[in-house]
Amino acid sequence: MISAIVLIHAESARIPQVATSIVEIPGVEKVYSTAGAVDLIAVVKVEKHEEFADVIADRLNKVEGITDTETHIAFRTYSAQDEAEAFAIGLDD
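Predicted model, so just to flag it, every value in this text is computed and none were measured.

Engineer: Sorry if this is basic, but what is going on with the overall build of the protein here?
Structural biologist: Counting secondary structure elements, the protein contains 3 helices and 4 strands. Moving toward the C terminus, one meets the helices and strands of the protein in the order β-α-β-β-α-β-α. Long-range contacts, defined here as pairs at least 24 residues apart, represent 67% of the contacts in the protein between residues at least 6 apart. Carbon and sulfur atoms provide 52% of the accessible area of the protein, an area that totals close to 6500 Å².

Laid out in structure tokens, this is it:
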């Protein structure tokens, strides 16, 4: 899977509705409501780069209430949980 992180600015009064609409889009794995420079952060996962156009440009960016987005494509994913699980393969619990 290929991942993208989308930073989202939304109309303040519509943040919960915007988040709910975004998370219903196929390919959107999670949506976080955040404090700080952006209102929401979406994690998008697809099989091919070309699918980002459908998920992000054609659907997510058109959700009513979004005022701006910034997309970051992930090159690699690093996770302590994944590393621990890899070393635990074959071990009994």
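Engineer: Which parts of the structure should I look at to understand the sheet that holds strand E2 (residues 28-33)?
Structural biologist: Note on sheets: strands pair through backbone hydrogen bonds, and any given pair is parallel or antiparallel. Strand order in this open sheet of 4 strands is E2-E3-E1-E4, and the pairing throughout is antiparallel. Looking at which strands have only one partner, the edges of the open sheet turn out to be E2 and strand E4 (66-73). Neighbouring strand axes in the sheet, compared pairwise and without regard to direction, differ in orientation by 20 degrees on average. Pairing between strand E1 (residues 2-10) and E4: 7 bridges, direction antiparallel. Among the inter-strand pairings, isoleucine 8 is bridged to a residue of E4, identified as threonine 69. The strands touched by helix H1 (residues 15-23) within the sheet are E1, E2, strand E3 (40-46) and E4, with E2 carrying the most contacts at an inclination of about 165 degrees.

What counts, and where the lines are drawn
- Residues numbered from 1 in each chain as written.
- Predicted model: local features only at pLDDT ≥ 70, side-chain atom pairs only at ≥ 80, totals over all residues.
- Heavy atoms only, no water.
- Helix = DSSP H or I, 4+ residues; strand = E, 2+ residues; numbered from the N terminus.
- Contact = heavy atoms within 4.5 Å.
- Areas by Shrake-Rupley, 256 points an atom, 1.4 Å probe, with all protein chains shown as cover.
- Pairing = 2+ DSSP bridges.
- Axes fitted to C-alpha atoms, helices over the stretch in contact; angles between N-to-C directions.

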